[in-house]
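Below, each chain spelled out in residue letters.
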Amino acid sequence: MVHSQQPSVPIAPSSAEWWRGAVIYQIYPRSFQDSDGDGVGDLPGVLQRLDHIAALGADAVWISPFFKSPMKDFGYDVADYRQVDPLFGTLADFDAVLGKAHALGLRVMIDQVLSHTSDQHAWFQQSRASRDNPYADWYVWADARADGTPPNNWLSVFGGSAWTWDARRRQYYLHQFLAEQPDLNFHNPAVRAQLLDEVRFWCERGVDGFRFDACNHQFSDAQLRDNPPARAGEVVSTVSADNPYAMQRHLYDKSRPENLPFLEELRAVLDVHGAAAMGEVGDEDAPPIMAEYTASGRRLHMAYSFALVTRDGSAAHIRHEVERLTAALARTGGWGCWAFSNHDSERVATRWALPQADGTAGRPQPAQCRMLWALLSALPGSVCVYQGEELGLPQADVPFELLQDPYGKAFWPEFKGRDGCRTPMPWQRDAVHGGFTAAQAVPWLPMPAEHRALAVDVQAAQPDSMLRFASQWLAWRRTQPLLRSGGIRFHDHAAPPGVLLFERHAPIASAHDGAPADSPPSLLLAVNLSAAVQHVSLSAVADAAVWHDVTPACVHEAGLAPEPGAPSGVWVLPPWGIGVGLFVARGA
């Protein structure tokens with residue numbers, strides 16, 4: 001084995017497939033930047049801060065809902081798909097965001113919530129008025145059982161029955177989330193056609209793509225069959241253990257096969273306009289569904305995985321979930337998208353912090369945050385990063401009296417809801433409210449002092465900050481085509497516990513257990529997920545190879561690179577350390 005220094009050659013991805021391997025920055029607009037002093041972020045605020053995202057090195061932005069809404073679920077209850085809620089601005093404000101993003105080289109993806117609407121949507125208002133009007137069958141309505149109870153045992157993700165009685169129609173309507181979010185009837189062709197028109201509206205406005213919320217909830221069983229109980233010992237990851245939703249196997253209320261033809265109709269609309277689609281798939285056995293939903297060229301372009309938005313952050317868990325999804329996608333030519341954090345989950349800096357010696361919750365470590373940023377963007381597929389992740393923000397502790405999230409209020413204190421990851425973005429350490437809103441305003445959620453200490457202006461001025469590391473790592477990643485589109489092979493036999501050792505290789509080598517003599521170079525990454533020094537033997541991976549250490553400068557500057565002076569063929573990784581090698585088979 002020969003060790004030397006040699007850089008890789010950058011290769012630009014084709015513009016038609018910009019989404020493949022892209023880094024997508026999620027903006028939760030309520031909490032990003034407030035421009036008018038009402039304490040709630042808005043589209044002009046997004047416009048003001050787009051330069052930050054471009055400087056970070058993201059390829060695209062995903063903007064969470066900004067449509068007209070009564071805000072019972074903060075925009076995921078849409079009352080008009082084509083109007084911007086006045087809280088966030090106007091259609092002209094969105095057009096300005098779109099124009100500036102494109103000028104900065106950023107693609108724009110927007111959330112679309114097709115599975116349900118607000119109960120204030122005109123469609124539902126007409127649907128509930130009678131059983132014989134043109135919109136009567138646009139939502140899922142069903143008669144009560146003989147004893148007056150709901151039609152079946154389906155439960156809401158947010159707790160309680162998924163059915164609510166409506167006195168006007170003297171029927172129950174289905175809502176898999178809040179009662180104010182009635183489910184559309186996807187078995188009705190008129191509903192499907194109308195929703196495709198809503199998507200077409202935004203395509204024609206110039207958006208580059210969509211993130212389809214809860215897209216596996218779009219169809220439910222037409223026969224309304226009961227869900228069976230969960231199997232004994234079955235672990236449910238889509239909700240917390242104290243939620244009764246975890247007590248069922250959700251065979252009939254979501255992930256129905258009838259959804260596949262609709263996704264093909266949706267893809268046809270997207271292809272006309274060159275728009276990309278990412279589907280949110282929440283299911284206990286998500287990989288096969290994600291593979292079907294992203295079958296090459298037929299349905300969605302990529303599927304968003306929740307598999308690493310979990311409490312378990314071990315090397316074994318990450319490897320298992322990545323291999324599981326990769327194998328499923330290989331069968332259909334599909335594509336995945338990974339995330340560690342989002343607007344619905346505890347921030348990863350806190351969630352995966354190692355516990356204290358006494359078993360109490362640990363505190364986020366700056367080195368661990370850097371390692372996680374690098375690891376996420378080194379996995380196969382595309383990547384979604386959540387606002388503030390580039391700062392290493394921990395989860396905020398929002399007291400009950402300031403809580404806004406109805407989900408958290410319902411399950412407090414065992415589950416404190418989603419507000420802790422939705423607190424305002426800190427832009428300026430010394431400004432009132434961290435520069436998020438006007439000094440005299442009251443932000444919709446409080447900003448903790450520890451977040452202000454990590455503000456953008458502070459980190460932008462520090463050469464060794466998390467923000468600097470995040471942008472430098474992404475700049476290096478752009479020079480590594482294998483990280484955008486290559487395959488993956490784990491080498492667990494050579495990795496000590498707590499270390500992920502994996503190869504990102506060109507697709508030509510993906511079907512081989514060992515690289516052939518003429519195979520192209522591959523990248524080997526060793527990522528230490530522990531707080532201990534770890535020794536990794538590279539000779540156990542590719543003894544008959546020439547390799548070059550290409551660990552990027554930002555990793556060295558952060559003190560996370562393999563320690564110098566180690567024996568040949570051995571990486572000594574510091575706590576949370578990262579090593580990157582370029583491997584070339586002899587004779588290549």
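Not measured: the values here are computed from a predicted model. (Residues numbered from 1 in each chain as written. Predicted model: local features only at pLDDT ≥ 70, side-chain atom pairs only at ≥ 80, totals over all residues. Heavy atoms only, no water.)

**Student:** What's the story with the sheet that holds strand β2 (residues 23-27) in this structure? I'm lost.
**Tutor:** Sheet strands associate in pairs through backbone hydrogen bonding, adopting either a parallel or an antiparallel arrangement. Reading around the barrel, the eight strands line up as β2-β3-β6-β10-β11-β12-β13-β14 and close back on themselves, with parallel pairing between neighbours. Mean inter-strand twist for the sheet, computed between neighbouring axes without regard to direction, equals 25°. Sheet analysis places strand β3 (residues 60-63) next to strand β6 (residues 107-112), joined by four bridges and oriented parallel. What sits directly across from Trp62, in β6, is Met109. In this fold helix α1 (residues 43-56) packs onto β2 and β3, with an angle of close to 150° to the strand it touches most, β2. (Pairing = 2+ DSSP bridges. Helix = DSSP H or I, 4+ residues; strand = E, 2+ residues; numbered from the N terminus. Axes fitted to C-alpha atoms, helices over the stretch in contact; angles between N-to-C directions. Contact = heavy atoms within 4.5 Å.)

**Student:** What's the story with the sheet that holds strand β7 (residues 141-142) in this structure? I'm lost.
**Tutor:** Taken together, three strands build an open sheet; the order of strands is β7-β9-β8 and the sheet is antiparallel. Whereas interior strands pair on both sides, the edge strands pair on one side only; in this sheet they are β7 and β8 (163-166). Both β8 and strand β9 (residues 171-174) contribute to a ladder of four bridges, which runs antiparallel. Bridging across to β9, Thr164 finds its partner in Tyr173.

**Student:** How should I be thinking about the packing of aromatic side chains in this particular structure?
**Tutor:** The geometry of an aromatic ring pair is captured by the separation of the ring centres together with the interplanar angle, meaning the angle of the planes. According to the stated counting rule, one finds 34 aromatic pairs in the structure shown. Note on Trp123 and Trp138: the rings are 5.2 Å apart at their centroids and 65° apart in plane angle, and the pair reads as edge-to-face. Here Trp123, found in helix α3 (residues 122-127), pairs with Trp138, found in the loop between α3 and β7; they are 15 residues apart in sequence, far enough to count as distant. Overall, Trp123 belongs to the buried group, its relative accessible area being 9%. Taking 4.9 Å as the distance between ring centres and 80° as the angle between the ring planes, the aromatic pair formed by Phe124 and Tyr139 counts as edge-to-face. You can see Phe124 sitting in helix α3 and its partner Tyr139 sitting in the loop between α3 and β7, a full 15 residues away along the chain. There is no split in this pair, since Phe124 and Tyr139 are both buried. (Phe/Tyr/Trp six-rings, centres within 6.5 Å; stacked < 30°, edge-to-face > 60°. Buried < 20%, exposed > 50% of the residue type's maximum accessible area, 1.4 Å probe, protein only.)

**Student:** Whenever I open this one, the nonpolar core confuses me. Can you help?
**Tutor:** When a protein is soluble and globular, its nonpolar side chains tend to lie buried together. Grouped together as the largest cluster of nonpolar side chains are 131 residues, with contacts concentrated most on Phe66, Trp202, Phe210, Phe212 and Trp473. The residues touching Phe210, leaving out its near neighbours within four places in the chain, are Met109, Ile110, Gln112, Val199, Trp202, Cys203, Leu270, Ala275, Ala276, Ala277 and Met278. Residues Trp62, Met278, Tyr304 and Val309 belong to the second largest nonpolar core, which totals 16 residues. (Core = buried A, V, L, I, M, F, W, Y, C linked by side-chain atoms within 4.5 Å.)

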